Amino acid sequence: MRRMMVTIVALMLLALPAAHAVQPDEIMSDPAKEARARDLSRELRCMVCQNQSIDDSDAPLARDLRLLVRERIAAGDSNLQVLDFLVARYGEFVLLKPRFERQTVLLWLLAPLLLISGGLALWLQIRRRARSGADLPAPPLTADEEARLAALMSDETKSS
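Asker: Whenever I open this one, the overall build of the protein confuses me. Can you help?
Answerer: The helix and strand tally for the protein stands at 6 helices and 0 strands. When the helices and strands of the protein are listed from N to C terminus, the series reads α-α-α-α-α-α. The contacts of the protein with a sequence gap of at least 6 include a subset with a gap of at least 24, amounting to 48%. A total accessible area of about 12,200 Å² is found for the protein, and carbon and sulfur atoms account for 63% of it.

Asker: Please explain the pattern of salt bridges as it appears in this structure.
Answerer: Oppositely charged side chains can form a pair if their charged atoms are brought close together. A full pass over the atoms with the stated rule returns 7 salt bridges. Here Glu34 makes a salt bridge to Arg70, at a shortest N to O gap of 2.7 Å. Of this pair, Glu34 sits in helix α2 (residues 31–43) while Arg70 sits in helix α3 (residues 60–74); the two residues are 36 residues apart in sequence, bridging distant segments of the chain. Assessed through its relative accessible area of 9%, Glu34 is described here as buried. Take Arg70: its relative accessible area is 4%, and that puts it in the buried class. One network of salt bridges, with partners in common, ties together Glu34, Arg38, Asp39, Arg42, Asp55 and Arg70.

Asker: Even after reading the chapter, I still don't get the packing of α3 against helix α4 (residues 79–90), so can you show me in this structure?
Answerer: How two helices pack is summed up by the angle between their axes together with the distance between the axes. For the pair α3 and α4, the least separation of the axes is 10 Å and the interaxial angle reads 135°. Our classification of the angle between α3 and α4 gives oblique. Handedness of the α3/α4 crossing: right-handed. For the pair α3 and α4, contact is made by Leu65, Leu68, Val69, Arg72 and Ile73 and by Val82, Phe85, Leu86, Arg89 and Tyr90, respectively.

Asker: Quick question: what am I supposed to make of the packing of aromatic side chains here?
Answerer: Note on aromatic pairs: each is described by the distance of the centres and the angle between the planes. Taken as a whole and judged by the stated rule, the model has 1 aromatic pair. With a centroid separation of 6.4 Å and 65° between ring planes, the pair formed by Phe100 and Trp108 is classed as edge-to-face. Trp108 gets classed as partly exposed once you look at its relative accessible area, which sits at 31%. We note Arg72 situated over the ring of Phe85; from NZ or CZ to the ring centre the distance is 4.1 Å.

Asker: What exactly am I supposed to notice about α2 here?
Answerer: Helical geometry note: an α-helix holds 3.6 residues per turn, so side chains three or four residues apart project in the same direction. Compared with an ideal rise of 1.5 Å per residue, which puts 13 residues at 18 Å, α2 spans 19 Å between its outermost C-alpha atoms and is within 8% of the ideal. Taken residue by residue, α2 has Glu34, Ala37, Arg38, Leu40 and Ser41 as its buried positions. End-on view of α2: buried residues confined to an arc of 165°, all on one side of the axis. Looking at the buried residues of α2, the elements they touch are α3 and α4. Among the residues of α2, the N-terminal cap falls to Asp30, whose side-chain oxygen and the backbone nitrogen of Ala32 are separated by 3.2 Å.

Asker: What exactly am I supposed to notice about the state of the cysteines here?
Answerer: A covalent bond between the sulfur atoms of two cysteines is referred to as a disulfide. Considering all chains together, one arrives at 0 disulfides under this definition. Cys49 provides the cysteine sulfur closest to Cys46, a residue in no disulfide bond, and the two sulfurs are 3.4 Å apart. For Cys49, a relative accessible area of 33% translates into the label partly exposed.

Asker: Just to check I follow, could you spell out the nonpolar core for this structure?
Answerer: The nonpolar side chains of a soluble globular protein tend to be buried with one another. Among the nonpolar cores identified, the biggest contains 18 residues, and Leu44, Ile54, Val69, Ile73 and Leu86 are the most heavily contacted of them. Elements with a contribution of two residues or more to this core: α2, α3 and α4. Counting residues per element, this core draws most heavily on α3, at 5 residues.

Calculation notes
Residues numbered from 1 in each chain as written. Predicted model: local features only at pLDDT ≥ 70, side-chain atom pairs only at ≥ 80, totals over all residues. Heavy atoms only, no water. Helix = DSSP H or I, 4+ residues; strand = E, 2+ residues; numbered from the N terminus. Contact = heavy atoms within 4.5 Å. Areas by Shrake-Rupley, 256 points an atom, 1.4 Å probe, with all protein chains shown as cover. Salt bridge = Lys/Arg side-chain N within 4 Å of Asp/Glu carboxyl O. Buried < 20%, exposed > 50% of the residue type's maximum accessible area, 1.4 Å probe, protein only. Axes fitted to C-alpha atoms, helices over the stretch in contact; angles between N-to-C directions. Parallel < 35°, antiparallel > 145°, perpendicular 65-115°, else oblique. Left-handed = near helix turned anticlockwise from the far one by under 90°. Phe/Tyr/Trp six-rings, centres within 6.5 Å; stacked < 30°, edge-to-face > 60°. Lys NZ or Arg CZ within 6 Å of the ring centre and 35° of its normal. Expected span 1.5 Å × (residues − 1). Arc of directions from axis to C-beta. Polar contact = N/O pair within 3.5 Å; in protein donor to acceptor, adjacent residues only side chain to side chain. Disulfide = S-S within 2.5 Å. Core = buried A, V, L, I, M, F, W, Y, C linked by side-chain atoms within 4.5 Å.

Spatial relationships are all this shows, so hold off on functional conclusions.
Below, the structure written as structure tokens:
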């Protein structure tokens, strides 16, 4: 029983989300500003890990970006100003969720367009098949075909 409890606790600990990589020396003294910094850190991509936010990454560059975000917030920048500063410095790639702009329209619309076109192609295929009668049963066998089939079946049962 004790062994099972230890196993359950271990599995629960493994199932917990990853701890944030923010170090104690990075945390701002003002809880409201720290909450803003955390929110912004979740929106920014670690340039080393790439599919991880800087809030979750242990990479040195992610730490530098977290500190930079906190510096900009301490200087009085708004969230938008902080994001604009980082985009100007690192490009749109630094954002985990790219902005909807002229350059990113294809990125945003490609998936829905593919889904819609796939659904349309499927619908057209189903309509075409229904019109052509492909789902209709085959016509009955002629007398000659039935005789040939019976002969083939009798030969097969004799050889078995």
